[in-house]
Amino acid sequence: MTITLFSWGYWGWGSATEQLVEAFDKAEKSREFRPPLFVDPRLRRQGRAKGFVGNAFRDLVGPGRYRWMQDLGNLAIATGRGGVQIKNPASVADLLDLAVRAADERRRVIFYCACEFPSFDGALACHHHTIADLLLAHAETIGRSISVVEWPADAPTETRISVDKKMFSAIMRGRMSVPFANDRLPTFAALPWASMLTVECDDDGRTGTVAVGPARFAASKSGAGYWYLPVIERTQPDATGKSLLERAARWRKTHGLDERKSR
């Protein structure tokens, strides 16, 4: 059996961790898994994302669903040097053991850092991408079949949404988010990056297509907020379905989102 582990970056979620956990749990339930376990491999649990400072995230999900693996932290954070230097690379064995035990409970493991994506403009520079490299190497050494992929995994897909005339016009003019109703969260929380969303105007039937990522939550100081899909790219009027899928594949590769497996 192949064990799947998810890497992930919490950029943009610091003020909406309750909604984040809701999205993860509903996404995994829709794929017939129990709520996931979270592994925090940071050397220091600091920063501006208040929901991930100190024990804040552990207290939210409960100690049974959270592990702080400081030995997988990046020593470059302490020294101020560039690059990634894992404190104790051998500790990936503990991470893999946790994933194997979680699989027996029909759960999966998500390990994270602050980076939104594993790579930027094709240059790999992320802490959790380095951990994935070590995991895959360790799995090959011990003969374990694993898969490591950026959350929420899977290949880009196609879906639709209907919006009113005002929202349709805003999206077609450049709005970078597509709001959606809460009842679509289980599906949209697990929507693969670079999926194609057909936006239909419910007033006159016009349509347009945008490439989107999985659900995010826009929080506000008042406590209100809304769910939305982030727009990553717009299609051109003469674009074909094949060209859209090719662009989606390039975007995913550039950002380091594709699945990797142990040999």
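Basis of the calculations
Residues numbered from 1 in each chain as written. Predicted model: local features only at pLDDT ≥ 70, side-chain atom pairs only at ≥ 80, totals over all residues. Heavy atoms only, no water. Helix = DSSP H or I, 4+ residues; strand = E, 2+ residues; numbered from the N terminus. Buried < 20%, exposed > 50% of the residue type's maximum accessible area, 1.4 Å probe, protein only. Polar contact = N/O pair within 3.5 Å; in protein donor to acceptor, adjacent residues only side chain to side chain. Contact = heavy atoms within 4.5 Å. Arc of directions from axis to C-beta. Salt bridge = Lys/Arg side-chain N within 4 Å of Asp/Glu carboxyl O. Pairing = 2+ DSSP bridges. Core = buried A, V, L, I, M, F, W, Y, C linked by side-chain atoms within 4.5 Å. Axes fitted to C-alpha atoms, helices over the stretch in contact; angles between N-to-C directions.

1. As for the side chain of Arg31
Okay, so step 1: As for its position among the elements, Arg31 is in the loop between α1 (17-30) and β2 (37-40).
Okay, so step 2: Here Arg31 falls in the buried class, since its relative accessible area comes to 18%.
Okay, so step 3: Only 2.7 Å separates the side chain of Arg31 from the backbone oxygen of Pro152, close enough to count as a polar contact.
Okay, so step 4: If we skip the residues at most four places from it in the chain, Arg31 touches Phe6, Arg106, Arg108, Trp151, Pro152, Asp154 and Ala190.

2. A look at helix α6 (residues 165-173)
Okay, so step 1: Taken residue by residue, α6 has Met167, Phe168, Ala170 and Ile171 as its buried positions. Relative to the axis of α6, the buried residues are bounded by an arc of 165 degrees and lie together on one face. The exposed set on the far side of α6, more than 90 degrees from its buried face, consists of Lys166 and Arg173.
Okay, so step 2: Of the surrounding elements, those touching the buried residues of α6 are β8 (158-163), β9 (177-179), β10 (195-201), β11 (207-212) and β13 (225-234).
Okay, so step 3: Capping the start of α6, Asp164 holds a side-chain oxygen 3.3 Å from the backbone nitrogen of Lys166, two or three residues further along.
Okay, so step 4: Once α6 ends, the next one or two residues include Gly174, with phi positive near 135 degrees.

3. Considering the pattern of salt bridges
Okay, so step 1: Enumeration over the complete set of coordinates arrives at 15 salt bridges.
Okay, so step 2: Here Arg65 makes a salt bridge to Asp25, at a shortest N to O gap of 2.8 Å. Note that Arg65 is positioned in the loop between α2 (56-61) and β3 (66-68) and Asp25 in helix α1, a separation of 40 residues in sequence.
Okay, so step 3: On the basis of relative accessibility, which here comes to 21%, the residue Asp25 falls in the partly exposed class.
Okay, so step 4: Linked through salt bridges whose partners overlap, the residues forming this network are Glu28, Arg31, Arg108 and Asp154.

4. Quick look at the pairing of β10
Side chains on a regular strand alternate between the two faces of the sheet.
Okay, so step 1: The element β10 is extensively covered by neighbouring structure, given that 6 of its 7 residues are classed as buried.
Okay, so step 2: In this structure, β8 lies alongside β10, joined through 6 bridges in parallel fashion. Bridging from a neighbouring strand, Ser162 pairs with Glu200 of β10.
Okay, so step 3: With 6 bridges joining them, β10 and β11 adopt antiparallel strand pairing.

5. A look at the nonpolar core
Okay, so step 1: Trp8, Phe52, Phe57 and Leu229 are the most contacted members of the largest nonpolar core, which totals 43 residues.
Okay, so step 2: Looking at which element gives the most residues to this core, the answer is α1, with 5 residues.
Okay, so step 3: If we skip the residues at most four places from it in the chain, Leu229 touches Met176, Ser177, Val178, Phe180, Phe188, Leu191, Leu197, Val212, Gly213, Pro214 and Ala215.

6. Describing the sheet that holds strand β4 (residues 109-113)
Okay, so step 1: Taking strand neighbours across the sheet as the criterion, the 6 strands line up as β3-β2-β4-β1-β7-β14 in an open arrangement whose pairing is mixed. Pairing within the sheet leaves two strands with one partner each, and these edge strands are β3 and β14 (260-261).
Okay, so step 2: Bridging between β2 and β4 involves 3 bridges; their strand directions are parallel. Paired with Leu37 across the two strands is Val109, which belongs to β4.
Okay, so step 3: Relative to the sheet, helix α4 (residues 92-104) contacts β1 (3-9), β2, β3, β4 and β7 (146-150), its axis offset from that of β1 by approximately 120 degrees.
Okay, so step 4: Contacts between helix α5 (residues 127-142) and the sheet are confined to β1, β4, β7 and β14, with β7 contributing the most and set at about 170 degrees to the helix.

So far we have only geometry, and geometry alone does not tell us how the molecule works.
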